[in-house]
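Here is what each chain is made of, one letter per residue.
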Amino acid sequence: MKDWTAEPAFRIAAAIRAGEVSARAVAEQHLAAIAQRNDTLRAFTDITTERALAKADALDAARTQGQALPSLAGVPVAVKNLFDVAGLVTRAGSKINRDHAPASQDATLITRLEAAGAVLLGALNMGEYAYDFTGRNAHDGHSRNPHDTARMTGGSSGGSGGAVAGGLAAITLGSDTNGSIRVPASLCGIFGLKPSYGGLSRAGTFPFIASLDHLGPLARSVMDLALAYDAMRGADPLDPVCARGTAEPVTPSVEPGLKGLRVTRAGGYFTRMGEAEAFAAVDLIARALGAKGSVEFPEAHRARAAAFTITMIEGSSLHRDRIRTRPQDFDPEVRDRLIAGAMLPADWYVKAQKFRRWFQTEALKLFTQTDLILAPATPTSAPLVDQQDFVLDGQTLPVRPNLGIFTQPISFIGLPVVTVPVWPEQGMPIGVQIIAAPGKEALALRAAHWLESQGIVHAKPAK
């Protein structure tokens, strides 16, 4: 039988709808791959075998009865373990949450994916309480990059990146507060979509930083991102920032073509503090898309500092009781940063939020000159799993906070981003951010799909 674990979701769904393969066979192949590879990759923390096979059998029965199957029929999906999954404890990457009762119902996005025919395989490893860029977890083991298991996946959605790149799931869901979808997509050589702030419902997920949190998909192709986004989009009164209306569908707009698109590069801040491979990847994408000139996000370095300030203060507030009562049960690296956040003056938070509003106003002016802006997704390709430091622009810096050096100023103001993977002739992949104005996911997806159609970017199956 054909190996479906390396196929994109849209091809899997089409084959199942056409009767070329059963949903159960696809699910069983992916479950077998999890059984074979997960001890090494540390992508899954929970596997929902019975649920997956029951859903697959129901889809096969519906097709046999002549019923039309939906857009993601039989597509194997998995979710970061901060999503509520009925019957599972919502770990959020922590030891402490394991004392909680299992979730009584699924998160909104899981419900919507399953309504579109997706088959849920389980929950995925992540950095503790999403405070991480590496994919390391002191409790469940470190996620490992399927293209080189000595290297990290990136985080905090490390299991989400590793599961797609490793052929364990066709689409995964992650969260992105400061870069936690875009960093794993970059390091694992796959596609990722961070929608506009409020673009997808966060109801039924464990929060990190409510004023910055986004949710989105990681996948093997751009069309997969579009199908997943369309399946999940729409207002949700259970999430106040996702209750203002329904976004337009993006799938009809994902046609490979660049006519009318204005593309430019991010200059200034986004041309420093990275290795040559990061800037070479941007050069490649810029040439391919016919990018003209550059624009500069004003005070981008301050935007990153303000994002850190908001993260530290909101994060410490959320976890204050846990830090006070169970400090020994945290990953020390996470605990210590939360404690540091509790010591910051409250007026710093107020100033950071005021600066955020100014920065957003100024950044949005850039989109009067262009439709899309290109920037590196990470300053380097995947570091070694236990690597603590790297050298950027002649400075020795800690890996953990600085993998997000190019993602934080963008999520800080809620801009939608598609991350596309660039593969050098040798070595590991690295991603490029295609950044659009709020609500313009379709434009970024359109450019990414054109790049994919030309073979300039692609997700490569792990060996």
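First things first, this report covers the structure right here in the doc. Bear in mind the structure is a predicted one, so any value in this text is a computation, not a measurement.

Another aspect to go through is the overall build of the chain. What the chain contains, in helices and strands, is 15 helices and 15 strands. In terms of overall size, the chain behaves like a compact globule, its C-alpha atoms giving a radius of gyration of 20 Å where 463 residues would be expected to give roughly 23 Å. Each principal axis of the C-alpha atoms in the chain carries an extent, and together these give about 60 × 55 × 45 Å. In the chain, of all internal contacts separated by at least 6 residues, the share reaching a separation of at least 24 is 77%. Counting only carbon and sulfur atoms, one obtains 52% of the accessible surface of the chain, whose full area is about 16,800 Å². Side-chain charges of the chain comprise 47 positive and 45 negative groups, with the mean position of each set lying 4 Å from the other.

Turning our attention to the nonpolar core. With 146 residues, the main nonpolar core has F297 and F412 as its most contacted residues. Among the elements that take part in this core, helix α7 (residues 222-232) stands out by supplying 9 residues, more than any other. Contact partners of F412, with chain neighbours within four places excluded, come to L212, A303, A306, A307, I310, A352, F355, R356 and F359. Membership of the second largest hydrophobic core comes to 7 residues, among which are V164, A165, I190 and L218.

The subject of this paragraph is the sheet that holds strand β6 (residues 171-176). Sheets are built from strands paired through backbone hydrogen bonds, the pairs being either parallel or antiparallel. The 11 strands are arranged β1-β3-β2-β6-β8-β7-β14-β15-β11-β9-β10 in an open sheet whose pairing can be described as mixed. Looking along the sheet, the strands with just one partner apiece sit at the ends: β1 (44-47) and β10 (294-295). The pairing of strand β2 (residues 76-80) with strand β3 (residues 119-124) spans 5 bridges and is classified as parallel. Bridging across to β3, A78 finds its partner in G122.

Now for the environment of L403. Topologically, L403 is positioned in the loop between α13 (399-402) and α14 (408-411). In this structure, the C-alpha to C-alpha distance between L403 and G167, residues 236 residues apart in sequence, is 24 Å. Residue contacts for L403: discarding those within four places in its chain leaves F133, T134, M152, V183, L187, A377, T378, P379, T380, P383 and F390.

Burial of strand β12 (residues 389-392) is one-sided: the residues F390 and L392 facing one way are buried, the residues D389 and V391 facing the other way are not. With 4 bridges joining them, β12 and strand β13 (residues 395-398) adopt antiparallel strand pairing. Along β13, the bridge assignment pairs L392 with Q395.

Another point: the pairing of strand β7 (residues 191-194). On a regular strand, one side chain projects to one face of the sheet and the next to the other, so that they alternate. Where burial is concerned, the two faces of β7 agree: the one with F191 and L193 and the one with G192 and K194 are both buried. With 3 bridges joining them, β7 and strand β14 (residues 417-422) adopt antiparallel strand pairing. Within β14, the position partnered with K194 by the bridge is V417.

Here the amide bond leading from G155 into S156 is cis, since omega sits at 5 degrees, within 30 degrees of zero. Mapped onto the elements, S156 comes out in the loop between β5 (148-152) and α5 (158-165). With a phi close to 50 degrees, Y129 is a non-glycine residue in the positive phi region. With respect to the helices and strands, the residue Y129 is situated in the loop between β3 and β4 (144-145). We note that M273 has phi near 60 degrees; this positive angle belongs to a residue other than glycine.

A separate point is the packing of aromatic side chains. Taken as a whole and judged by the stated rule, the model has 13 aromatic pairs. Ring centres of Y269 and F406 lie 6.3 Å apart, and the angle between their planes is 85 degrees; on these two criteria the pair is classed as edge-to-face. Separated by 137 residues along the polypeptide, Y269 in the loop between β9 (263-266) and α8 (276-289) and F406 in the loop between α13 and α14 bring together distant segments of the chain. Both residues of the pair, Y269 and F406, count as buried. Following the ring pairs from residue to residue traces out a cluster consisting of Y269, F270, F279, F297, F355, W358, F359, F406 and F412. Of note, K2 hangs over the ring of W4, and the distance from its end group to the ring centre comes to 4.5 Å.

Here S211 is to be found in the loop between β7 and β8 (214-219). Expressed as a C-alpha distance, the spacing of S211 and T111, which sit 100 residues apart in the sequence, is 24 Å. Beyond its immediate sequence surroundings of up to four residues, S211 is in contact with Y197, I310, E314, Y349, Q353 and R356. At a separation of 2.6 Å, a polar atom in the side chain of S211 contacts the side chain of E314.

So, about the packing of helix α9 (residues 300-318) against helix α12 (residues 346-365). Direction vectors running N to C along α9 and α12 enclose 135 degrees, while the axes themselves pass 9 Å from each other. Between α9 and α12, the crossing angle belongs to the class labelled oblique. Judged by the twist between their axes, the crossing of α9 over α12 is left-handed. Residue-level contacts link A300, R302, A303, A306, T309, I310, I313 and E314 of α9 to W348, Y349, A352, Q353, F355, R356 and F359 of α12. Looking at the contact of α9 with α12 residue by residue, the class counts come to 10 nonpolar, 2 polar and 3 charged.

This brings us to α5. The element α5 is largely enclosed, with a buried count of 8 among its 8 residues. Phi turns positive one or two residues past the end of α5, at G167, with a value near 75 degrees.

A separate point is the side chain of S180. Within the secondary structure, S180 sits in the loop between β6 and α6 (182-188). Dropping the residues within four chain positions of it, S180 is found in contact with K80, A130, D132, G155, S156, S157 and S175.

Rules used throughout
Residues numbered from 1 in each chain as written. Predicted model: local features only at pLDDT ≥ 70, side-chain atom pairs only at ≥ 80, totals over all residues. Heavy atoms only, no water. Helix = DSSP H or I, 4+ residues; strand = E, 2+ residues; numbered from the N terminus. Rg over C-alpha atoms; globule rule 2.2 N^0.38 Å. Contact = heavy atoms within 4.5 Å. Areas by Shrake-Rupley, 256 points an atom, 1.4 Å probe, with all protein chains shown as cover. Lys, Arg positive; Asp, Glu negative; His and termini not counted. Charge placed at Lys NZ, Arg CZ, Asp CG, Glu CD. Core = buried A, V, L, I, M, F, W, Y, C linked by side-chain atoms within 4.5 Å. Buried < 20%, exposed > 50% of the residue type's maximum accessible area, 1.4 Å probe, protein only. Pairing = 2+ DSSP bridges. Phe/Tyr/Trp six-rings, centres within 6.5 Å; stacked < 30°, edge-to-face > 60°. Lys NZ or Arg CZ within 6 Å of the ring centre and 35° of its normal. Polar contact = N/O pair within 3.5 Å; in protein donor to acceptor, adjacent residues only side chain to side chain. Axes fitted to C-alpha atoms, helices over the stretch in contact; angles between N-to-C directions. Parallel < 35°, antiparallel > 145°, perpendicular 65-115°, else oblique. Left-handed = near helix turned anticlockwise from the far one by under 90°. Nonpolar A, V, L, I, M, F, W, Y, C, P; charged D, E, K, R; others polar.

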